[in-house]
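# Chains, contacts and geometry: an overview
Chain by chain, the residues:
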Amino acid sequence: MRVTSVLLLHFEQQYGSARLAEVFRNHHFSLSLDYLRTPTNFISLRFLEQLADVLVRESGDPMFMRKAGISMAASPEALGFVYYLIRAFGSLEICFRKTVEHSSSYNRVGSFEIERLEREQLVLAYRSAVPESSRHVCELRMGQFASFPTIWGLPPADVSESQCQVQGAECCRYHLRWMDPLPMWGRYTGLLLGAVSGVGASMLGLGHPAFAVTSLSLVGVSLGSWVDLRRDMRRKDEALNEQAQGMMGSLEELQQRYDEMFRINVALEDRVAARTRELTEANVRLEAALAKQKELDRLKSEFFDNVSHELRTPLTLILLTLDSLLQRGPEEFDAPVRQHLETMNRSASRLLRLINNLLDLTKLEAGKTKLRYEPLDIQGFLSSLLVPFEVLADKKGLELELEGTVTTPVHVDVARIESVFQNLISNALKFTTQGKVTVRLREDDTWVHVEVIDTGVGIASQDLSVIFDRFAQADSSGTRRFGGTGIGLALVKETLELHTGGIEVSSELGKGSNFHVWLRKGTAHARDESIGSSANEPVVNRPSLRRSADVAAMLEPESPMSTPAVEALPAPPDAEAGPDAPRVLLVEDEPEIRAFLRGVLKPYYRLLEATNGEEGLRIAQKERPDLIVSDVMMPVMSGIQMLAALRSSPETVDTPIIMLTARQEVDAKVEGLSMGANDYLGKPFSPREMLARIEAQLRLRDAAVRAAENERLAATGLLTSGFAHEVRNPLNGLMNALQPLRESLTSGSPDPAMAVAMLDLIEECGQRIRGLAEGLLSFVRTGSKAVAVDLGASLDASVQALSWRLPSGMKVERDYQCSEPVWSDPGSLNQVWVNLLDNAVRAIGPEGVVRVSTARDGGDAVVSIIDNGVGIKPEHMERLFQPFFSTRDAGEGTGLGLALCQRIVLRQGGRIRVFSDYGKGTRVEVRLPLEADPDRILPPLLSEGRPTQPHWRT
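Our subject in this report is the structure included herewith. (Residues numbered from 1 in each chain as written. Predicted model: local features only at pLDDT ≥ 70, side-chain atom pairs only at ≥ 80, totals over all residues. Heavy atoms only, no water.)

## What to know about the overall build of the protein chain
What counts, and what does not: Counting from the N terminus, the helices are the DSSP runs of H or I reaching at least four residues and the strands are the DSSP runs of E reaching at least two. Each residue is assigned to one of three classes by its accessible area relative to the maximum for its type, calculated with a 1.4 Å probe on protein chains only: buried under 20%, partly exposed between the two thresholds, exposed over 50%. Note on contacts: a residue pair is in contact if any heavy atoms of the two residues lie within 4.5 Å. Areas reported here follow the Shrake-Rupley algorithm with a probe of radius 1.4 Å; residue values treat only the protein chains shown as occluding.
Along its length, the protein chain carries 27 helices and 23 strands. In the protein chain, which comprises 954 residues, the share counted as buried stands at 41%. Put simply, 70% of the contacts in the protein chain that link residues at least 6 apart link residues at least 24 apart. Here the protein chain displays about 51,300 Å² of accessible surface, and carbon together with sulfur accounts for 55% of that area.

## Looking at a nonpolar patch on the surface
The cut-off we apply is this: Residues enter patches when their relative accessible area tops 30% and they take part in no salt bridge; the joining distance is 9 Å for like charges and 5 Å for the nonpolar side chains Val, Leu, Ile, Met, Phe, Trp and Tyr. Here, a salt bridge means any side-chain nitrogen of Lys or Arg that lies within 4 Å of a carboxyl oxygen of Asp or Glu.
A cluster of nonpolar side chains, namely Phe81, Tyr84, Leu85 and Phe89, defines an oily patch on the protein surface of about 510 Å² accessible area. Within the secondary structure, Phe89 is located in helix α7 (residues 82-89). Residue classification places Phe89 among the exposed residues on the basis of a relative accessible area of 69%.

## So, the pattern of salt bridges
Under the criterion given, the structure shown has 38 salt bridges. With its nearest N and O atoms 3.2 Å apart, the salt bridge here joins Glu113 to Arg127. Taken together, the residues Glu113 in strand β1 (residues 110-118) and Arg127 in strand β2 (residues 121-128) connect sequence positions 14 residues apart. Asp679 serves as the salt-bridge partner of Arg693, at 2.8 Å between the closest nitrogen and oxygen. Of the two residues, Arg693 is situated in helix α23 (residues 687-746) and Asp679 in strand β16 (residues 679-682); the sequence distance between them amounts to 14 residues. We classify Arg693 as partly exposed; its relative accessible area is 25%. Here Asp679 falls in the buried class, since its relative accessible area comes to 16%. One salt-bridge network, held together by shared partners, links Asp857, Asp860, Arg911, Arg913, Arg923, Glu925 and Arg927.

## Looking at the sheet that holds strand β4 (residues 172-177)
Using the following cut-off: Strands qualify as paired when DSSP identifies two bridges or more between them. Orientation is described by axes fitted as lines to C-alpha atoms, over the contacting stretch for helices, and by angles from 0 to 180 degrees between their N-to-C directions.
If you trace the 4 strands from one edge of the open sheet to the other, you get β1-β2-β4-β3, paired in antiparallel fashion. Edge strands, defined here as strands with exactly one partner in the open sheet, are β1 and β3 (158-163). Averaged over neighbouring strand pairs, the angle between their axes works out to 20° when direction is ignored. One ladder, built from 6 bridges, connects β2 with β4; its direction is antiparallel. When the sheet's bridge partners are listed, Leu124 is paired in β4 with Tyr174. Where helix α9 (residues 136-146) meets the sheet, its contacts fall on β1, β2, β3 and β4, and the angle it forms with β4 comes to roughly 25°.

## Let's talk about the sheet that holds strand β22 (residues 911-917)
Pairing is mixed in the open sheet, where 5 strands are placed in the order β18-β20-β21-β23-β22. Only two strands of the sheet have a single neighbouring strand rather than two, namely β18 (811-816) and β22. Neighbour-to-neighbour, the strand axes of this sheet turn through a mean angle of 15°, independent of strand direction. Summarising the sheet, strand β20 (residues 849-857) and strand β21 (residues 860-867) pair through 8 bridges and their orientation is antiparallel. Residue pairing in the sheet places Ala855 in a bridge with Val862 of β21. Strands β20, β21, β22 and β23 (921-929) of the sheet are contacted by helix α26 (residues 826-843), whose axis makes an angle of about 25° with β21. On the sheet, helix α27 (residues 897-907) packs against β22 and β23 and is oriented at approximately 140° with respect to β22.

## Side note on the pairing of β1
As judged from the 8 bridges shared by β1 and β2, these two strands associate in the antiparallel manner. Bridge assignment links Ser111 to a residue of β2, and that residue is Arg127. The turn joining β1 and β2, which pair antiparallel and follow one another in sequence, is formed by 2 residues; a positive phi near 60° is taken by Glu120.

## Details of helix α20 (residues 613-623)
Every α-helix winds through 3.6 residues per turn, so residues three or four apart in the chain are directed the same way. Looking only at α20, the buried set comprises Gly613, Gly616, Leu617, Ile619 and Ala620. Looking at the buried positions of α20, the neighbouring elements they touch are β12 (583-587), β13 (606-610), β14 (627-631) and α21 (639-647). Looking one or two residues beyond α20, the residue adopting positive phi is Arg624, at roughly 50°.

## Comments concerning the side chain of Thr652
Looking at the secondary structure, you find Thr652 in the loop between α21 and β15 (657-661). When near neighbours in sequence (up to four residues on either side) are disregarded, Thr652 contacts Ala620, Gln621, Leu646 and Arg647.

## Things to note about the nonpolar core
Using the following cut-off: In this text, buried Ala, Val, Leu, Ile, Met, Phe, Trp, Tyr and Cys residues form a nonpolar core when linked through side-chain atoms within 4.5 Å.
Grouped together as the largest cluster of nonpolar side chains are 38 residues, with contacts concentrated most on Ile378, Phe421 and Leu424. Among all residues touching Ile378, those that are not within four sequence positions of it are Thr407, Val410, Leu441, Val448, Val450 and Leu519.

## What to know about the packing of helix α1 (residues 5-15) against helix α5 (residues 64-72)
Counted only if it meets this: Here roughly perpendicular refers to angles of 65 to 115 degrees, roughly parallel to angles under 35, roughly antiparallel to angles over 145, and oblique to all remaining angles. Gly is placed with the polar residues, together with every amino acid not listed as nonpolar (Ala, Val, Leu, Ile, Met, Phe, Trp, Tyr, Cys and Pro) or charged (Asp, Glu, Lys and Arg).
Between α1 and α5, the least distance of the axes is 9 Å, while the angle of their chain directions is 95°. It follows from the interaxial angle that α1 and α5 lie roughly perpendicular. Facing Val6, Leu7, Leu9, His10, Phe11, Gln13 and Tyr15 of α1, the residues of α5 in contact are Phe64, Met65, Lys67, Ala68, Ser71 and Met72. Here the contact of α1 with α5 is composed, by residue class, of 9 nonpolar, 3 polar and 1 charged.

## Quick look at the packing of aromatic side chains
Under the convention used in this document: In this analysis, rings of Phe, Tyr and Trp, with Trp reduced to its six-membered ring, are considered paired at centre separations within 6.5 Å, and the interplanar angle assigns stacked below 30 degrees, edge-to-face beyond 60, and tilted for intermediate values. Remark: a charge is flagged as sitting over a ring if the NZ atom of Lys or the CZ atom of Arg is within 6 Å of the ring centre and within 35 degrees of the ring normal.
A full pass over the atoms with the stated rule returns 12 aromatic pairs. Ring centres of Phe112 and Phe145 lie 5.5 Å apart, and the angle between their planes is 65°; on these two criteria the pair is classed as edge-to-face. Here Phe112, found in strand β1, pairs with Phe145, found in helix α9; they are 33 residues apart in sequence, far enough to count as distant. A relative accessible area of 11% places Phe112 in the buried class. Aromatic rings pair up to connect Phe96, Phe112, Tyr126, Phe145, Phe148 and Trp178 into one cluster. The ring centre of Tyr15 lies 5.7 Å from the NZ or CZ of Arg19, which sits over that ring. Between Arg108 and the ring centre of Phe42, over which it is positioned, the NZ or CZ distance is 4.3 Å.

## Re the environment of Tyr680
Among the secondary structure elements, Tyr680 is positioned in strand β16. Tyr680 sits 23 residues away from Ile657 along the chain, and the two C-alpha atoms are 8.8 Å apart.

## Observations regarding helix α13 (residues 378-396)
Under the convention used in this document: Expected span of a helix: the number of residues minus one, times 1.5 Å. A residue's bend is the angle separating two fitted axes: one through the seven residues that end there, the other through the seven that start there.
With 19 residues, α13 extends 26 Å from end C-alpha to end C-alpha; this agrees with the ideal 27 Å at 1.5 Å per step. Along its length, α13 shows its largest kink, about 45°, at Pro388. For α13, the complete set of buried residues consists of Ile378, Gln379, Gly380, Phe381, Leu382, Leu385, Leu386, Phe389, Leu392 and Ala393. Where α13 ends, the next residue or the one after it, Gly397, has phi of about 75°, a positive value.

## Regarding the packing of α20 against α21
Stated precisely, the cut-off is as follows: In this scheme, a crossing is called left-handed if the near helix is turned counterclockwise away from the far one by less than a right angle; it is called right-handed if the turn is clockwise.
Look at α20 against α21: their axes get within 9 Å of each other, and the N-to-C directions meet at 25°. The orientation of α20 with respect to α21, classified from their angle, is roughly parallel. Crossing of α20 over α21 shows right-handed handedness. Contacts between α20 and α21 involve Gly613, Gly616, Leu617 and Ala620 on the former and, on the latter, Met642, Ala645 and Leu646. In terms of residue class, the contact of α20 with α21 is made up of 5 nonpolar, 2 polar and no charged.

## Focus on unusual backbone geometry
Of note, the phi angle at His28 is positive, near 50°, even though the residue is not glycine. When you line up the elements, His28 lands in the loop between α2 (17-27) and α3 (33-36). Residue His28 is classed as exposed on the basis of its relative accessible area of 65%.

## Some words on the environment of Asn345
Looking at where Asn345 falls in the secondary structure, it is placed in helix α12 (residues 335-366). Sequence-wise, Asn345 and Asp323 are 22 residues apart; in three dimensions their C-alpha atoms are separated by 7.6 Å. Setting aside chain neighbours within four positions, we find Asn345 in contact with Leu319, Leu322 and Leu326.

## Overview of the pairing of β20
As paired strands, β18 and β20 are joined by 6 bridges and run parallel to one another. Residue pairing in the sheet places Asp815 in a bridge with Ser853 of β20. Linking β20 to β21, which pair antiparallel, is a turn of 2 residues; within it Gly858 sits at a positive phi near 65°.

On their own, these measurements won't tell you what the molecule is for.
This is the structure we're talking about:
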């Protein structure tokens, strides 16, 4: 404890003995304070570390350990009488050596070692047998060794640590630098010289010996002390000068940093000023944009208001005319005509409801809506309102219930509240396929509450926050499983807020929704002048002129309508197309539109029908129609999704597809055309226009089939030219051998040896011709069943077939690393190789090189055809596989070669890519699967095409 007692002494000196005693009481140390005050006692390293942690934490000074060692380790309080002995007779070197030599007497867990001790510097190593858990003890040791120079009034030694055991080193290594105390030889020298001078003076008789020796010794001591003091002052001046220079250097560095901070501050102020100006300008622009937006909103509201009024006028005339026609007796019109009139009446009523909603929303937005408040018995009102909706509920097999008793009447605008609950109930029935819809009624002291609860599809959590926004819909995907404009719920919310009420929704996806409406009781929310004259008599159910039309329009989209009316449209003499007519797949989810299109197309084409994209995709892949007519927005799978799936399938990649859509924006059409649609037809459309577009697409398809067949014939012609070139030599040999054979057999002296030699020559030539013929047949033969094809042999045959076209200086290098066969159609593969090799030969000069190689990459065989020709321009790379696109001069190609190659490779489950560096060459890579499937049936390369005549007349 003699060494570590400096901690207690320093803490007590800084914070008082009472605070030290309080610390020991609070932390319940295992050793008492009295035990720690006994210098000869020992403590464990773990206790010392615990004590150090507590004292550092209680002092709030992270350098507490270092300061305690420096201030107290070499003090009289810690060393006692030894302090004065060291100061009088010791030196720093002796202090350091003795401290290390006697370390075993005060440290039982570690040892010190002096590695280097020179003038004013020391390197000291400490190794502990017990691992230390923190650096607090290291800091204490450094403070203790740094404190030794303070015994002589010198500043503490400068201590640094180059490595530490706590941080994983083998030992703690400390480097010390200090200033040695000056030797005080001046006073002793002066004393000696004074005494000698006194003895000499007494011997000369200059004074009494005692007086002379004493006085001259004092003078010598004084002079020696003055010399020592002068030396000490000079040394301190030097140290102060060095310190002043260091401070000046620090001041200069601080000045530089201040200058830098000043420049940075000025630059920052400039940036802040510039940013402020930008924000001010942006704010001005935003205010101008806001004013412009408000003006645009005003103009939009006025436009919707005017358009809605203008649309309602002709619609009203249409509805009145239809109503008057429907009021006539059944003998006035045939059944198909009457059904047409009923369909028109339902559609017009639906359109009128949408226009009314849009007009109401515009009035609410413009603040032009005025309410006429009347007392309304909600229970009786809802009972009457649910009656027409029960028809739809019965058709869908749903229960529609009203729960609750008579409540206090509420003052509302009855017509607008009627529209609110019509929207909520129709939505509940629309989105519910099984279960029930419950309308629950209750009241409290302030509000009347109505809940519309369904067991339908529910609303996704991310849609709940926007469900009441204008034009927002929970079903916002392209499938459009449920129709709507996104106006209804926005109109409901704003109407209820206008009545000082409100609405909220809770829903769980797949389990249903709960729309909660509350209306204020009393008349405090209504202005006096807006309260109707019949304020004292509650309204149960005020008849509405438009309720029947509105409810009919709400019910119409959900109920499957009969289609005989459309099917009975007047048709050409042949009511149905013949067995040779093209097959058209019609994909449309609206029953009436599908029935109408069926009536238009049925006389001219054989029809297949689907009600959504998923069903249409399945029928198209199974039946492979000649053309597809599809709507864009459909349930389950949209038309765009079906289009993407059809274009990614080899069986339907070339099937013409015409898309029908109500969206007339250019972006929508571009999206569909970029996905692979052949044509776009906007709703509403003319039946004659549809027939013309279908006929045009069928003719284009027939032309594409004929052009592709011509391309195949051209490749076959190229092969037959090669065959003719190759068969010429064996044919000449055969013909030249006939004459000698004839002579050897018909001459007077037959030559059997000559005859046998000629027969052998003829047989050899015949075998060569037969081999060439079989090779040509296998080269052009195609099949629907996959067979094992040796890629090396197939490529060799293609190179041999084109050898007659190769200039003498052109080289064809072959490197076949894949020995496994691919299961494919050999004739189609040979056509791919011939097309690619012919392109390579055309691209290089007479001295060029074509390299043909095969390799295996995972489960694929990779065929590469590389040339060092002119390459392909970058702007042409994306169009290489488009039909009728060619980089050759006009008249030198059809532009179908690479498109047909891609079709063949895709048909066989592979991929083809082209890499080119313009001016340096081109590499074509074909990947084919290696899986062995002898029973695999390949899809047809092209749909069966046949020239057709117009199927209809205009």
